[in-house]
Amino acid sequence: MIHENYPYKLPELLFPYNALEPYITEETMHYHYDKHFKGYIDKLNAALAPYPALQRRSLIWLLKNPNAIPREVRDSVMKNAGGVYNHYMYFHGLSPAGSGAHLPTGEYLKLIEKTWGSFDGFKTAFNAKAMEVFGSGWTVLKKTSRGKLEIINLPNQRVDLRSNTKPLVYVDVWEHAYYLQYKNLRQDYLNNIWNVIDFSKKQ
Ligand code: MN
């Protein structure tokens, strides 16, 4: 979807809505996917509706070229395109606990161990970074072109499209991602999310 253009459509979820239970409930998935994710898609389409020239551009192009977007619609396009991109990356990187690869292996694991000592050390560092998100945002593990790993936070629907980095793990830290189930306990959501993060997904 990120290389496609207007009109954007909600991608098919690749597993049933209840398949991430008990770590993410069916109710959370319905609200998050069908309301929040779809909401960003609908609002982006609405913002682009009067602009045929922008409709031909891909989501990635829009995000990389804010100055090419007319001022009166720039804020709306950037916020909603960011929301579409971030949610796509998040949901694309999840899979049910009974399928997929929920542990990094090979070179990926070696790099994690080199950086944080162990996979547990990495998860502790990632979760600590995610706990620092004030308000709404995202925590992302990125690999740089120099082969280093880094954990970054992105506020609201900001994106990081630096061409010399690649996202590997994407976690939504907005309250809507966990509040229905975990209430205010973000740390519990973060501890559990690793059961459904899929390390085999190429972003
Ligand atoms: Mn979200």
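Parameters and conventions
Residues numbered from 1 in each chain as written. Predicted model: local features only at pLDDT ≥ 70, side-chain atom pairs only at ≥ 80, totals over all residues. Heavy atoms only, no water. Helix = DSSP H or I, 4+ residues; strand = E, 2+ residues; numbered from the N terminus. Rg over C-alpha atoms; globule rule 2.2 N^0.38 Å. Core = buried A, V, L, I, M, F, W, Y, C linked by side-chain atoms within 4.5 Å. Buried < 20%, exposed > 50% of the residue type's maximum accessible area, 1.4 Å probe, protein only. Contact = heavy atoms within 4.5 Å. Phe/Tyr/Trp six-rings, centres within 6.5 Å; stacked < 30°, edge-to-face > 60°. Donors = N, O, S within 2.8 Å, 3.2 Å for Na, K, Ca; no water. Pairing = 2+ DSSP bridges. Arc of directions from axis to C-beta. Salt bridge = Lys/Arg side-chain N within 4 Å of Asp/Glu carboxyl O.

Visitor: So what's going on with the overall build of the protein chain? Which residues, and what values?
Guide: For the protein chain, the count of helices and strands is 8 helices and 3 strands. Starting at the N terminus and ending at the C terminus, the protein chain contains elements arranged as α-α-α-α-α-α-β-β-β-α-α. Relative to a compact globule of 203 residues, whose C-alpha radius of gyration would be 17 Å, the protein chain shows 17 Å and is just as compact. Oriented by its inertia axes, the alpha-carbon framework of the protein chain measures out at about 50 × 40 × 30 Å.

Visitor: Just give me the short version of the nonpolar core, but keep the residues and values in it.
Guide: Core analysis: the biggest nonpolar cluster contains 65 residues, and Tyr 85, Leu 94 and Ile 193 have the highest contact counts within it. At 9 residues, the largest contribution of residues to this core is made by helix 4 (residues 71-92). Excluding residues within four positions of it along the chain, Tyr 85 makes contact with Ile 2, Leu 59, Ile 60, Leu 63, Val 159, Leu 161, Pro 167 and Tyr 170.

Visitor: Describe the packing of aromatic side chains, listing the residues and the values that go with them.
Guide: Scanning all chains against the criterion turns up 19 aromatic pairs. On the basis of an interplanar angle of 75° and a centroid distance of 6.5 Å, the ring pair of Tyr 85 and Tyr 170 is categorised as edge-to-face. In this pair, Tyr 85 sits in helix 4 while Tyr 170 sits in strand 3 (residues 165-172), placing the two residues 85 residues apart along the sequence. When its relative accessible area of 5% is taken as the criterion, Tyr 85 is described as buried.

Visitor: Before we move on, can you summarise the environment of Trp 116 with the specific residues and values?
Guide: Residue placement: Trp 116 occurs in helix 5 (residues 106-116). For Trp 116, a relative accessible area of 23% corresponds to the partly exposed category. In this structure, the C-alpha to C-alpha distance between Trp 116 and Trp 61, residues 55 residues apart in sequence, is 34 Å. Not counting chain neighbours up to four residues away, the residues in contact with Trp 116 comprise Gly 121, Phe 122, Ala 125, Leu 141, Leu 149 and Ile 151.

Visitor: Provide a residue-level description of the coordination of the manganese ion, including the pertinent values.
Guide: Protein-derived coordination of the manganese ion comes from His 32 (NE2), His 87 (NE2), Asp 172 (OD) and His 176 (NE2), at a distance range of 2.0 to 2.1 Å. Taken in chain order, the donor set of the manganese ion reads H-x54-H-x84-D-x3-H. You'll find Asp 172 and His 176 in the same group, each marked buried.

Visitor: Explain the pairing of strand 3 to me, and be specific about the residues and the numbers.
Guide: Burial within strand 3 is extensive, with 7 of its 8 residues counted as buried. Sheet topology places strand 1 (residues 137-144) next to strand 3; 7 bridges connect them, and they run antiparallel. Bridge assignment links Val 140 to a residue of strand 3, and that residue is Tyr 170.

Visitor: Mind laying out helix 5, listing which residues take part and the relevant values?
Guide: Inspection of helix 5 places Tyr 108, Leu 111 and Ile 112 among the buried residues, and these make up the whole buried set. Each buried residue of helix 5 lies within a common arc of 100° when the element is viewed along its axis, so the set occupies one face. Projecting away from the buried face of helix 5 at angles above 90 degrees are the exposed residues Glu 107, Lys 110 and Lys 114. Phi turns positive, to about 90°, at Gly 117, one or two residues after helix 5.

Visitor: Describe the pattern of salt bridges, naming the residues involved and giving the relevant values.
Guide: Scanning all chains against the criterion turns up 7 salt bridges. The residue Asp 42 makes a salt bridge to Lys 38 at a minimum N-O spacing of 2.9 Å. Here Asp 42 and its partner Lys 38 are both found in helix 1 (residues 26-48), 4 residues apart, which amounts to about one turn of the helix. The class of Lys 38 is partly exposed, set by a relative accessible area of 33%. A single salt-bridge network, built from bridges that share partners, covers Lys 142, Glu 150, Asp 160 and Arg 162.

Visitor: Give a description of unusual backbone geometry that names residues and reports values.
Guide: With omega at -5°, the peptide bond leading from Tyr 6 into Pro 7 counts as cis. Position of Pro 7 among the secondary structure elements: in the segment before helix 1. Cis rather than trans, the peptide bond between Glu 21 and Pro 22 has omega equal to 5°. For Asn 156, which is not glycine, the phi dihedral falls at a positive 50°. Inspection of the secondary structure assignment puts Asn 156 in the loop between strand 2 (149-155) and strand 3. Looking at Asn 156, the relative accessible area reads 45%, which means it is partly exposed.

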